[in-house]
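This is what each chain is made of:
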Amino acid sequence: MKKNKIEKTENLNVGKKQSHIIRKILLFFGIAVILAALVFFSYFFISRHFSKKITINTLKEKWNEYDYLGLYEIGKTYLQENPYNNTALTYYSYACFYLAVSQNDTFQAQEYLDECINNMRLALYDASKTLKPQLQYMLGKAYFYKNTISTYYYADLAVKYLNLAKENGYKADDIAEYLGLSYAALGMTMESISAFTEALLIRESDTLLLSIAEQYYKIQEYGASEQYLYRVITNSENQDIVIRSKILLGQIYIDKEKYDDAMKLYIEIIAENDNCADAHYGIGLIYEKQNNLIKARSEWRKTLKIQVNHQGALKKLSDN
């Protein structure tokens with residue numbers, strides 16, 4: 001009888017302990033749920049509080065400070081609450097553009113440009129008459145840069161919006177040059193030459209002179225091309241552009257069957273930079289014209305040692 005009483009007491013104590021543990025576990029989870037809810041709602045209300053503090057003036061301040069990353073971040077928050085505010089869309093898309101062109105990471109630049117274009121097109125839809133030409137100009141530039149880093153072609157859209165900006169009276173020193181480069185990308189050589197010539201009246205640069213020479217070469221206007229190349233070679237202090245100009249001039253000499261002049265020019269380039277693949281390739285072309293395929297192939301092999309994916313040399317070695 002006494003033994004049964006002891007067993008009942010022990011069972012009762014065990015039951016009380018288990019019940020106590022369960023209550024602790026439930027209490028713990030209850031507190032955890034309450035804390036999680038408090039954190040969530042605190043974050044929600046704090047976010048709403050700060051988002052309400054962002055105004056158009058806040059965006060303007062960031063813009064005036066050239067703080068494009070800060071403008072991008074707060075602009076994104078502001079647009080979540082005001083997705084069709086034209087001023088915010090304009091500032092945000094401009095921030096995206098300048099962040100894109102400053103990027104070394106092509107993938108990140110693409111993402112910024114996509115955001116720029118999407119938001120700028122929204123801004124353009126409801127823009128004032130005075131703002132519209134500027135937005136068209138910026139959109140044209142955005143498409144130009146997208147064309148340079150994308151596997152798809154956007155040069156036609158760059159031309160479209162840059163021309164619209166011009167037609168609507170927007171003035172910027174670089175419009176003609178961007179148009180020239182975009183026309184060149186589209187293979188519209190005469191339009192490209194016209195735009196580049198207009199750009200020269202505003203600002204002369206080595207890159208611009210070389211670009212015009214390249215376009216004249218494409219339509220076999222060798223005399224005009226040579227004139228621009230001589231100006232670059234004589235006056236430029238940019239060694240890379242000088243070498244590119246000499247390479248093109250050498251190609252003109254080959255086309256005109258002035259092989260000695262071409263050879264002299266290529267040897268001069270190699271003396272300055274022995275790792276110039278195009279110079280070795282050009283010498284190979286001269287030897288080919290002179291029916292010396294052994295020396296020609298030797299030069300093309302040197303080309304591939306310097307630049308393994310040189311398309312000209314790869315084709316010549318496969319054909320010969």
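Let me sum up the structure you'll find in this document. (Residues numbered from 1 in each chain as written. Predicted model: local features only at pLDDT ≥ 70, side-chain atom pairs only at ≥ 80, totals over all residues. Heavy atoms only, no water.)

## A look at the packing of aromatic side chains
As a reminder of what qualifies: Only Phe, Tyr and Trp rings are paired, with Trp represented by its six-membered ring, and only when their centres lie within 6.5 Å; those with planes under 30 degrees apart are stacked, over 60 edge-to-face, the remainder tilted. Under the scheme used here, helices are H or I runs from DSSP no shorter than 4 residues and strands are E runs no shorter than 2 residues, and both carry numbers assigned from the N terminus.
According to the stated counting rule, one finds 18 aromatic pairs in the structure shown. Ring centres of Y145 and Y178 lie 6.0 Å apart, and the angle between their planes is 70°; on these two criteria the pair is classed as edge-to-face. Note that Y145 is positioned in helix α6 (residues 132-149) and Y178 in helix α8 (residues 175-185), a separation of 33 residues in sequence.

## Digging into the pattern of salt bridges
Which entries qualify depends on this criterion: A carboxyl oxygen of Asp or Glu within 4 Å of a side-chain nitrogen of Lys or Arg is what we treat as a salt bridge. Buried, partly exposed and exposed residues are distinguished by accessible area as a fraction of the type maximum, computed with a 1.4 Å probe on protein chains only: under 20%, between the cut-offs, and over 50%, respectively.
All chains considered together, the criterion is met by 15 salt bridges. One salt bridge connects E198 with K166, and the closest N-O pair in it is separated by 3.4 Å. You can see E198 sitting in helix α9 (residues 189-202) and its partner K166 sitting in helix α7 (residues 155-167), a full 32 residues away along the chain. Among the residues examined, K166 registers a relative accessible area of 33% and is labelled partly exposed. Across the pair E214 and R244 runs a salt bridge whose closest N-O atoms are separated by 3.4 Å. In this pair, E214 sits in helix α10 (residues 206-218) while R244 sits in helix α12 (residues 239-255), placing the two residues 30 residues apart along the sequence. Relative accessible area serves as the criterion here: at 46%, R244 is assigned to the partly exposed category. Linked through salt bridges whose partners overlap, the residues forming this network are K246, E268 and E272.

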